[in-house]
Structures are given as C-alpha cells and as structure tokens.
Amino acid sequence: MILERSDLIARLQERLDGRIEAADLAQWAFDRFYELDQGMLAVNSADVEVIADVLDELLFADDTRFALDETDLRRLIARLQEP
C-alpha cells in the first residue's frame, strides 16, 4: 500500500472539522510512521521528505507542548498541496 499526500490531507481535514481528536491524529501518524519504518507501507519517492516531515509534526500532536492549532493544520495541508 502507498501512503499518499491526499491521505494525510484527509486526516488533517478530519481534525479541522472536529471529527477526530488530536490523540486520534497522533496515533494515526504514529501507526503510519511505524508501517513505513517496517516496510509495510510505501511512499512515492517524490513525496518522501514532505510526508516524513508532516508525520513527524503529527506524532506528538496530542501533547500540549506540541499541540497544533487550526493555523498549523492548514499550514500542513498547504505544504502537502505544493507540487
């Protein structure tokens, strides 16, 4: 299975819409990070850096010290939408 930018955008949008909590988003990011690390999930070579960076920011989104507000989430979406 391939993790695509659109997958991350969809999860970020769910958080923005209030359909998932920060802890759910952080857990999802952790699971994807682990699956990538274990080779159970792949990323298109052109997207490796941006997806890794976004997952890294999301891993601790449930920790108040690293909490992401609406502006942060929209910034991440915009970054994922860049060519």
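Residues numbered from 1 in each chain as written. Predicted model: local features only at pLDDT ≥ 70, side-chain atom pairs only at ≥ 80, totals over all residues. Heavy atoms only, no water.

A. Here's a closer look at the overall build of the chain. Each helix and strand counted, the chain has four helices and two strands in total. Mapped in sequence order, the helices and strands of the chain form the string β-α-α-β-α-α. In terms of C-alpha radius of gyration, the chain reaches 12 Å, essentially the compact-globule figure of 12 Å for 83 residues. With the C-alpha coordinates aligned to their principal axes, the bounding extent of the chain is approximately 30 × 25 × 20 Å. Looking at the chain as a whole, 35% of its 83 residues are labelled buried. Nonlocal contacts in the chain, meaning residues at least 24 apart in sequence, comprise 66% of its contacts between residues at least 6 apart. Counting only carbon and sulfur atoms, one obtains 49% of the accessible surface of the chain, whose full area is about 5,200 Å². Side chains of the chain carry 9 positive and 20 negative charges; the gap between the two charge centres is 3 Å. (Helix = DSSP H or I, 4+ residues; strand = E, 2+ residues; numbered from the N terminus. Rg over C-alpha atoms; globule rule 2.2 N^0.38 Å. Buried < 20%, exposed > 50% of the residue type's maximum accessible area, 1.4 Å probe, protein only. Contact = heavy atoms within 4.5 Å. Areas by Shrake-Rupley, 256 points an atom, 1.4 Å probe, with all protein chains shown as cover. Lys, Arg positive; Asp, Glu negative; His and termini not counted. Charge placed at Lys NZ, Arg CZ, Asp CG, Glu CD.)

B. Here's a closer look at the packing of helix α1 (residues 5–16) against helix α3 (residues 48–58). Following both chains from N to C, one finds α1 and α3 inclined at 25°, their axes separated by 10 Å at the closest point. With respect to α3, the element α1 is oriented roughly parallel. Read as a crossing pair, α1 and α3 show a hand that is left-handed. Facing Arg-5, Leu-8 and Leu-12 of α1, the residues of α3 in contact are Val-50, Ile-51, Val-54, Leu-55 and Leu-58. (Axes fitted to C-alpha atoms, helices over the stretch in contact; angles between N-to-C directions. Parallel < 35°, antiparallel > 145°, perpendicular 65-115°, else oblique. Left-handed = near helix turned anticlockwise from the far one by under 90°.)

C. View of the packing of aromatic side chains. Evaluated as defined, the whole model comprises one aromatic pair. Here Phe-60 and Phe-66 contribute two aromatic rings whose centre-to-centre distance is 6.0 Å and whose plane-to-plane angle is 50°, an arrangement assigned as tilted. Phe-60 gets classed as partly exposed once you look at its relative accessible area, which sits at 47%. A residue is classified by how much of its surface remains accessible, and Phe-66, at 44% relative accessible area, is partly exposed. (Phe/Tyr/Trp six-rings, centres within 6.5 Å; stacked < 30°, edge-to-face > 60°.)

D. Representation of a nonpolar patch on the surface. On the surface, Phe-30, Tyr-34 and Met-40 cluster together into a nonpolar patch covering about 330 Å² of accessible area. Position of Met-40 among the secondary structure elements: in the loop between α2 (22–37) and β2 (42–43). (Patch = residues over 30% accessible without salt bridge, like charges linked within 9 Å, V, L, I, M, F, W, Y side chains within 5 Å. Salt bridge = Lys/Arg side-chain N within 4 Å of Asp/Glu carboxyl O.)

E. Looking closely at α1. The end-to-end C-alpha distance of α1 is 16 Å, a good match for the 16 Å that twelve residues give at a rise of 1.5 Å each. Inspection of α1 places Arg-5, Leu-8, Ile-9, Arg-11, Leu-12 and Glu-14 among the buried residues, and these make up the whole buried set. Those residues of α1 that are buried are in contact with β1 (2–3), α2, α3 and α4 (70–81). Just downstream of α1 lies Gly-18, where phi reads positive at about 80°. (Expected span 1.5 Å × (residues − 1).)

So, to be careful, I would describe these as geometric facts and stop short of saying anything about function.
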